[in-house]
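Overview (structure and organization)
Residues per chain, in single letters:
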Amino acid sequence: MNTATIYFSDKSTIVVKEGDSIIPIVQTVISDNVFSSMGESVEIYNHVNNGLIPALLDAFYLCKFFYINSSDSPVYGTACIVKIENN
């Protein structure tokens, strides 16, 4: 199964695999109330030439924060990502 490593500015890493889901945390506005909400999940797929990176970027362009799979902890910040590497 294809995997990718995401590197963060605090030197931590996470490994994601094909079939995992990125769940964006998005801003929602209802009746002038602004709050965070779970967005529609993005399944990580394998691109024939570029591995998992295109799917990850599709997900990260949608949000500032995200979960992996159905876990609601920890929440990761996209602004802290310094590198993504196919394994």
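Remember, it's a predicted structure, so these values are computed and weren't measured experimentally. (Residues numbered from 1 in each chain as written. Predicted model: local features only at pLDDT ≥ 70, side-chain atom pairs only at ≥ 80, totals over all residues. Heavy atoms only, no water.)

Moving on to the packing of aromatic side chains. Taken as a whole, this structure holds three aromatic pairs when the rule is applied. Pairwise contacts between aromatic rings join Phe8, Phe60, Phe66 and Tyr76 into one cluster. Lying across the ring of tyrosine 7, lysine 83 places its NZ or CZ 4.5 Å from the centre. (Phe/Tyr/Trp six-rings, centres within 6.5 Å; stacked < 30°, edge-to-face > 60°. Lys NZ or Arg CZ within 6 Å of the ring centre and 35° of its normal.)

In low-pLDDT regions, the fine details of the predicted coordinates are not to be read closely. The predicted model of the chain has a mean per-residue pLDDT of 92, with 100% of residues at 70 or higher. When pLDDT is averaged over each helix and strand of the chain, the minimum, 90, is found for strand 4 (residues 33-38) and the maximum, 97, for strand 1 (residues 3-8). (pLDDT = per-residue confidence, 0-100. Helix = DSSP H or I, 4+ residues; strand = E, 2+ residues; numbered from the N terminus.)

On to the pattern of salt bridges, then. Evaluation of the coordinates by the stated rule reveals one salt bridge. Note that aspartate 20 is salt-bridged to lysine 17, the shortest N-O span being 3.0 Å. For lysine 17, a relative accessible area of 37% translates into the label partly exposed. (Salt bridge = Lys/Arg side-chain N within 4 Å of Asp/Glu carboxyl O. Buried < 20%, exposed > 50% of the residue type's maximum accessible area, 1.4 Å probe, protein only.)

One finds Ile6, Ile22, Leu56, Phe60 and Phe66 to be the most contacted residues of the largest nonpolar core, which totals 19 residues. Within the residue set of this core, elements represented by two or more residues are strand 1, strand 2 (13-17), helix 1 (53-60), strand 6 (65-68) and strand 8 (81-86). Residues contacting isoleucine 6, with those up to four places away along its chain left out, are Ser12, Thr13, Ile14, Val16, Leu56, Phe60, Ile81, Lys83 and Ile84. (Core = buried A, V, L, I, M, F, W, Y, C linked by side-chain atoms within 4.5 Å. Contact = heavy atoms within 4.5 Å.)

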